[in-house]
Structure formats: C-alpha cells, structure tokens
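# Descriptive analysis of the structure
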Amino acid sequence: MTIPSELAEGPIYLDYNATTPVDPAVVEAVLPYLTGGFGNPSSDHHYGTAPRAALEHAREQVAVLIGAPGGRIVFTGSGSEADNLALRGVVLAAGSDRPHVITQTTEHPAVLQACQALQRWHGAEVTYLPVDTDGRVDPAALAAAFTDRTVLVSIMAANNETGALQPIDELARITHDHGAVFHCDAAQTVGKVPLDVTALDVDLLTVVGHKMYAPKGIAALYMRPGLALEPLVYGGGQEHGLRAGTENVALAVALGAAADLAAADLAAGGHERIQTLRDRLHDQLAAQLPGRVQLNGPVAARLPNTLNISICGVTGHSLLAATQGIAASTGSACHAGNHQPSPVLTAMGLDAERSLSALRLSLGRWSTSADIDRAIDLITTTTGSRD
C-alpha cells in the first residue's frame, strides 16, 4: 500500500474525519478521464461511449459498497449538496401545507441549515431531538415527535466529532411505521464500517468522496427505488433528472474506485486494525496521564477510527498549537481568537471547560503503530510540560 508522500514527510496525520488523502490508486483510475476520455457522456458518438460506461460503472461500484444494487445513485458535488437535495427534495415533493421534519441537534450544519431554510422559505415545522450524554438519539423520543404532517426524518449515521453511532435501523423502522421518509447522512460512516442500506432500511443516504480517499468535489445520494424528489438543480435532466449539468466523469470514476478500495479494505478487516490502534492510543494516553483523560462519546457504539478525549488542565487548541508534530482537531470554533465550546459536546451536556479541553484524534488507512507511539509521546510530553 503506497503511502502518499505528503504523509511520509509531514506531521502525523490524525485528522481523517476532516478529510482523507486521495489514494494513489484512485488518482490512477481518474487520469484517463482527464485526457482521452474527455467526451460528454450524453453524446451518442464515439467520444461519449467510454465516459458514459465509466459513469454507470461508478454508480454500480458505489451501490455495491452500500448494499444497494437496485437503488438509484445520484452523483453530487458535495455531501452538503446531497443533504440539501434529500431534505428539500422530499419536502417539496410531498406538496404538504406546513410539512413537518424531524432531525437532531448534533447533525452536520448542512442538515441543520437546510432545515432552517425549509422553515424560512417553505413554512416547514422542524423538531430538533436532543441527544444523551453519549451523543445518541433515544428512539422513544423520535417516536413521540411524529405528527400527522411529518414527511421526513434526517439522522446521521455517525457523528464527525465523537464517532457516536446512531441506531439507524431502529430509527428508520419507527419512521416507516409513521409513514415518513428516512434520510441518513453517512458521510463519516461509509468506508469505515460495513454498511447496508437494505438492512438499515433507509430511503436516502449521503456518501462523501473526500471522507473515503477520493478527491473533494464528489459525493452521492442513494435513493430508494420509487421515491420522488424535487430537483435541486434544474436543466438538462442529468442524474435521473435530479441534478442538471454535464456530469463530472473523472470525479465519479474517483468515487467508484474509492468505493472498490473501501470494500476490499473492509473485507480484509482494515477497520479492525484501525480500531486496535485507536484503543492503544486511548489506553496509553490514559495510563501516562492518570486521572486526566476523559472519553467524550460512547465506549462501544462508535466509529472504529475516532477518539475524542478531554485532557484535564489544558485546552485542546493550546495543546495542538504546542504539538507541531501532530495534525488533529478540536471541534471547537474560533472567532477572532475567542474559542467557543463545540456545539456537539455542549449538546451532550459537557461543560465549557471539558469541551474546550477536547481533542479529536481520527485514524485512517495509513495510520501505523509507529505513528501512534510517536503521537502518544508528543501529547504526553507536551501536556506534562504544561502542568
């Protein structure tokens, strides 16, 4: 497995939940469609044939990864666009007066702000479910939130900061029992753990390329067969009539290639290897900083690559600023030098001090034992020097 030169020469990369490096195999798959395979896939002549076939093959590759051989895959330019297409598309297609949408407080801003726009421009009512101290939604709270006007529920599969996994299959079942559509933003989940849309019984699911070793600028929305959506972009009828504009074949090919690599990695137990490294990172930090390391999020129901911890006595941003050998994140927002607690951790009931001490360490395909040992040494040395 070829390690990108940027990772080999730079700081230890522990920010895979923010974005992933593009896999060299993905780059290789894309190159022909930046040169000779330039044709418009809608063209009937010679130059459109190969791009059209490549586009459809990429759809199949994404569908196979998420267990959706009979589903519809719509390519989009980002996960945010896919989320907006799902939410706006369902609400407008429903044609209801004062449609009701249910989501939860720690969703990605793409979902939360799309809900706010639906409130402003389309008269929607939105219910924001709380989360517990692990960041998870109580299925009973969802069941109690439905009205006779509920058309859509949107709950993410896993949180980007804590890795908390939601009980999607149960939430989808409750949603369908009430006759509504279920959308799941799985940007952080696809490729990290096995996922099957048929088993989960979701109607819509967001997939994001740059979270799974494809370039930025490509994502996809899975649609259950027979589901109606109002388009987000109108025009020439591309992408099953849901996203007008000549398709970006090269980036679609990239997502398809990344999907194949992810499927192979999962089959080989790559996610288990990463979880072992993550747990070693956590255990060693806790052992070397006794009484100071607090886990934020669930112990078990969590992405295998994600570790969100608070280290007592030091803020996350100051720790990272002093530890130049590590590239990671905190989740807190900084406005003109004023650091604010993470809204996700705040929603989980953490106080400001613990939230501001948080550190998100997310591992990935090229994380090694040597990286983890070095990260442990850097963090403990820096933290110890700041006591």
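It should be emphasised that the depicted structure is a prediction, and the values quoted were computed from it without experimental measurement. (Residues numbered from 1 in each chain as written. Predicted model: local features only at pLDDT ≥ 70, side-chain atom pairs only at ≥ 80, totals over all residues. Heavy atoms only, no water.)

A separate point is the overall build of the chain. Along the chain, the regular secondary structure elements total 15 helices and 14 strands. In terms of overall size, the chain behaves like a compact globule, its C-alpha atoms giving a radius of gyration of 21 Å where 387 residues would be expected to give roughly 21 Å. A principal-axis box enclosing the C-alpha atoms of the chain has dimensions of 65 × 55 × 40 Å. Counting all 387 residues of the chain, 54% fall into the buried class. Residue pairs at least 24 apart in sequence account for 72% of intrachain contacts in the chain once pairs closer than 6 positions are excluded. For the chain, the exposed area adds up to about 15,800 Å²; of that, 54% sits on carbon and sulfur atoms. Side-chain charges of the chain comprise 24 positive and 39 negative groups, with the mean position of each set lying 3 Å from the other. (Helix = DSSP H or I, 4+ residues; strand = E, 2+ residues; numbered from the N terminus. Rg over C-alpha atoms; globule rule 2.2 N^0.38 Å. Buried < 20%, exposed > 50% of the residue type's maximum accessible area, 1.4 Å probe, protein only. Contact = heavy atoms within 4.5 Å. Areas by Shrake-Rupley, 256 points an atom, 1.4 Å probe, with all protein chains shown as cover. Lys, Arg positive; Asp, Glu negative; His and termini not counted. Charge placed at Lys NZ, Arg CZ, Asp CG, Glu CD.)

Moving on: the domain arrangement of the chain. Reports of interface size often rely on the accessible area that becomes lost once the parts have come together. Once the domains are mapped, the chain shows domain 1 (5–21 + 269–385) and domain 2 (24–266). Each of domain 1 and domain 2 was reduced to a C-alpha centroid, and the two centroids are 28 Å apart. In this complex, domain 1 contributes 29 residues to the contact, which on the side of domain 2 involves 32 residues. Summed over both sides, the interface of domain 1 with domain 2 buries roughly 2,500 Å², with 54% coming from carbon and sulfur. Linking domain 1 to domain 2 there are zero salt bridges. Linking domain 1 with domain 2 are 17 residue pairs in polar contact (both at pLDDT 80 or more). Counting only elements with at least two residues in the side of domain 1 that touches domain 2, the list comes to α11 (270–288), β10 (306–311) and α13 (343–347). For the side of domain 1 that touches domain 2, the element with the highest residue contribution is α13, accounting for three residues. Here the residues of the side of domain 1 that touches domain 2 sort into 12 nonpolar, 14 polar and three charged. (Domains from an automatic or database assignment. Buried area = accessible area lost by both parts, 1.4 Å probe. Salt bridge = Lys/Arg side-chain N within 4 Å of Asp/Glu carboxyl O. Polar contact = N/O pair within 3.5 Å; in protein donor to acceptor, adjacent residues only side chain to side chain. Nonpolar A, V, L, I, M, F, W, Y, C, P; charged D, E, K, R; others polar.)

Attention now moves to the packing of aromatic side chains. Scanning all chains against the criterion turns up four aromatic pairs. For the pair Tyr16 and Tyr213, a centre-to-centre distance of 6.2 Å together with 55 degrees between the ring planes defines the contact as tilted. Within this pair, whereas Tyr16 is found in the loop between β1 (12–13) and α2 (24–30), its partner Tyr213 is found in the loop between β7 (204–208) and β8 (219–223), the two being separated by 197 residues in sequence. Judged by relative accessible area, Tyr16 falls into the buried class, the value being 2%. By the ring-pair criterion, three or more aromatic residues cluster together here, those being Tyr13, Tyr16, Tyr213 and Trp366. Sitting over the ring of Tyr213, Arg365 keeps its end group 3.8 Å from the ring centre. (Phe/Tyr/Trp six-rings, centres within 6.5 Å; stacked < 30°, edge-to-face > 60°. Lys NZ or Arg CZ within 6 Å of the ring centre and 35° of its normal.)

This part covers unusual backbone geometry. Look at Arg98: it is not a glycine, yet its phi comes out positive at around 50 degrees. Relative to the helices and strands, Arg98 resides in the loop between α4 (79–94) and β3 (100–104).

Moving on, we come to the sheet that holds β8. The strand order β2-β8-β7-β6-β5-β3-β4 describes an open sheet built from seven strands, whose pairing is mixed. Each of the sheet's edge strands pairs with one partner strand only, and the pair in question is β2 (72–76) and β4 (125–129). Ignoring strand direction, the axes of neighbouring strands in this sheet form an average angle of 20 degrees. Here β7 runs beside β8; their pairing, made up of five bridges, is antiparallel. The residue of β8 that forms the bridge with Leu205 is Tyr222. Against the sheet, helix α7 (residues 168–177) touches β5 (150–154) and β6 (181–185), its axis set at about 155 degrees to β6. (Pairing = 2+ DSSP bridges. Axes fitted to C-alpha atoms, helices over the stretch in contact; angles between N-to-C directions.)

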